[in-house]
Amino acid sequence: MILNQVKTDIDVLADVAEQVQNAEPDQIRAYFEGLLPKFLDFGVKVLLALVIWFVGTKIIKLLRRILRRFLERSHVDVGVKQFLDSFAKAAMYFCLFMMLLGWLGISTASVVAVLGSAGLAIGMALQGSLGNFAGGVLILLLRPFKVGDYIIEDGNKNEGTVTEIQLFYTKLQTPDNRVIVIPNGSLANSSLTNVTQQDKRRLDLYVGIAYEADLKEAKRVLAALIDKEERRLAQEEHIVFVDSLEDSCVRLGCRLWVATGDYWQVKWDLTEQMKLVLDEAGISIPFNQLEVTLKEHDTQGKM
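As the structure is a prediction and not an experimental result, all values here were calculated from the model.

K.L.:
Please provide a residue-by-residue account of the packing of helix α8 (residues 215-228) against helix α9 (residues 263-280), values included.
P.N.:
Two quantities define a packed helix pair, namely the angle between the axes and the distance from one axis to the other. One way to put it is that α8 packs onto α9 with a least axis distance of 10 Å and a crossing angle of 140°. By the angle between their directions, the pair α8 and α9 is classed as oblique. Where α8 crosses over α9, the two elements pack in a sense that is right-handed. Of the residues in α9, those in contact with A218, V221, L222, L225 and I226 of α8 are L270, Q273, M274, V277 and L278. Per-class residue counts for the contact of α8 with α9 are nine nonpolar, one polar and no charged.

K.L.:
Please give an account of the side chain of T260 that cites residues and values.
P.N.:
Counting through the fold element by element, T260 comes out in the loop between β8 (250-259) and α9. Look at T260 and you get buried, because its relative accessible area is 16%. With sequence-adjacent residues up to four places away left out, T260 is seen in contact with V195, T196, Q198, D199, K200 and R201.

K.L.:
Outline the pairing of strand β3 (residues 169-173), supporting the account with residue identities and numerical values.
P.N.:
Of the two faces of β3, only the one carrying T170 and L172 is buried; Y169, K171 and Q173 on the other face are not. A loop of three residues connects strand β2 (residues 158-165) with β3, the two strands running antiparallel in sequence. Pairing of β3 with strand β4 (residues 179-183), which is carried by five bridges, proceeds in the antiparallel orientation. If you follow Q173 over to β4, its bridge partner there is V179. As consecutive antiparallel partners, β3 and β4 are separated by five residues, and within that stretch N177 has a phi angle of approximately 70°, a positive value.

K.L.:
An account of the environment of P286 is needed here, citing residue identities and associated values.
P.N.:
Structurally, the position occupied by P286 is in the segment after α9. We classify P286 as partly exposed; its relative accessible area is 30%. It is 5.6 Å that separates the C-alpha atoms of P286 and A210, two residues lying 76 residues apart in sequence. Among all residues touching P286, those that are not within four sequence positions of it are G208, I209, A210, S248 and C249.

K.L.:
Mind laying out the sheet that holds strand β6 (residues 200-209), listing which residues take part and the relevant values?
P.N.:
Judged by pairing direction, the sheet is antiparallel, and its three strands sit side by side in the order β6-β8-β7 without closing on themselves. If you trace the sheet from one side to the other, it starts and ends with β6 and β7 (239-245), each paired once. The average angle at which neighbouring strand axes cross in this sheet is 30°, direction not considered. Against the sheet, α8 engages β6, β7 and β8, with an angle of about 15° to β8.

K.L.:
An account of the environment of F287 is requested, with residue identities and associated values reported.
P.N.:
Its location among the elements puts F287 in the segment after α9. As a C-alpha pair, F287 and S248 span 39 residues in sequence and 8.0 Å in three-dimensional space.

K.L.:
Give me α9: which residues, what numbers.
P.N.:
The terminal C-alpha atoms of α9 lie 26 Å apart, and with 18 residues this matches the ideal 26 Å at 1.5 Å per residue to within 8%. Every buried residue of α9 is accounted for by Y263, V266, L270, M274, V277 and L278. Along the axis of α9, the buried positions cluster into a sector of 90°, meaning they face one direction only. Set apart from the buried face of α9 by more than 90 degrees, the exposed residues are W268, E272 and E280. Contacts from the buried residues of α9 go to β6, α8 and β8. G282, located one to two residues past α9, shows a positive phi value of around 75°.

K.L.:
So what's going on with the confidence of the model for the protein? Which residues, and what values?
P.N.:
Put simply, the protein has an average pLDDT of 81, and 75% of its residues get 70 or more. Per-element mean pLDDT across the protein ranges from 54 in helix α1 (residues 2-22) up to 96 in β8.

Parameters at a glance
Residues numbered from 1 in each chain as written. Predicted model: local features only at pLDDT ≥ 70, side-chain atom pairs only at ≥ 80, totals over all residues. Heavy atoms only, no water. Axes fitted to C-alpha atoms, helices over the stretch in contact; angles between N-to-C directions. Helix = DSSP H or I, 4+ residues; strand = E, 2+ residues; numbered from the N terminus. Parallel < 35°, antiparallel > 145°, perpendicular 65-115°, else oblique. Left-handed = near helix turned anticlockwise from the far one by under 90°. Contact = heavy atoms within 4.5 Å. Nonpolar A, V, L, I, M, F, W, Y, C, P; charged D, E, K, R; others polar. Buried < 20%, exposed > 50% of the residue type's maximum accessible area, 1.4 Å probe, protein only. Pairing = 2+ DSSP bridges. Expected span 1.5 Å × (residues − 1). Arc of directions from axis to C-beta. pLDDT = per-residue confidence, 0-100.

What follows is the structure, encoded as structure tokens:
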């Protein structure tokens, strides 16, 4: 349809050029004087279109603000608010764009027809984006994570705190303040680990002691250390146990439960304190050593 219209316009322009070439000067002047109102009318339409665009963007911002306030009062998840806000923004700008096309005299039906005829090509080109959009919908419905969770993408080992769930992408902030942008389709179709979804985590610490060390004393010292830890969840089981008998040491384990937010700090603090209390108790922690024995050769012996 549009191609036929373009061909018709070209034919009209060719006829006009031929008429201008064969016309008298008075006819040419009269012709351009007749075009002047049309140019003025088109210029007014463009100016009004710019005004409509400016006012439309302001209205869109106002409607998005109203939508965000409504969602906040509804106490929905932050990720849902971000996703719906992105979707509403894209939809309203598309409607504004189509309205401007109609105002300028461009048939929106023709635009829709072109989009429909080119649907297969557009679908192939936007296949990844549509998959990411569908992935975002699945994330919001199934909720494997939410804004504020610390997740690890098992496939590419990307990890960080979820800060935004957008229309096509999810943003993570790493502990060293980097931002990782991951397509929603990848997160929806691959395994991931949600580290902070639960409010408590089990902490396992291990240390090796020498075979000649007093095993019972070592367990008593470590148990006393765990008992004194104030950040330990008292209602959960804690235990000190022999984990394995290694080649050069007896491997002891300490198991306790802590709040998810305290996990790393408790891990670092107890690892340091385990070394200190074992040193105070005179219990050695073996480490790999290389012993070299030199033998003297009898220089007077037979060669």
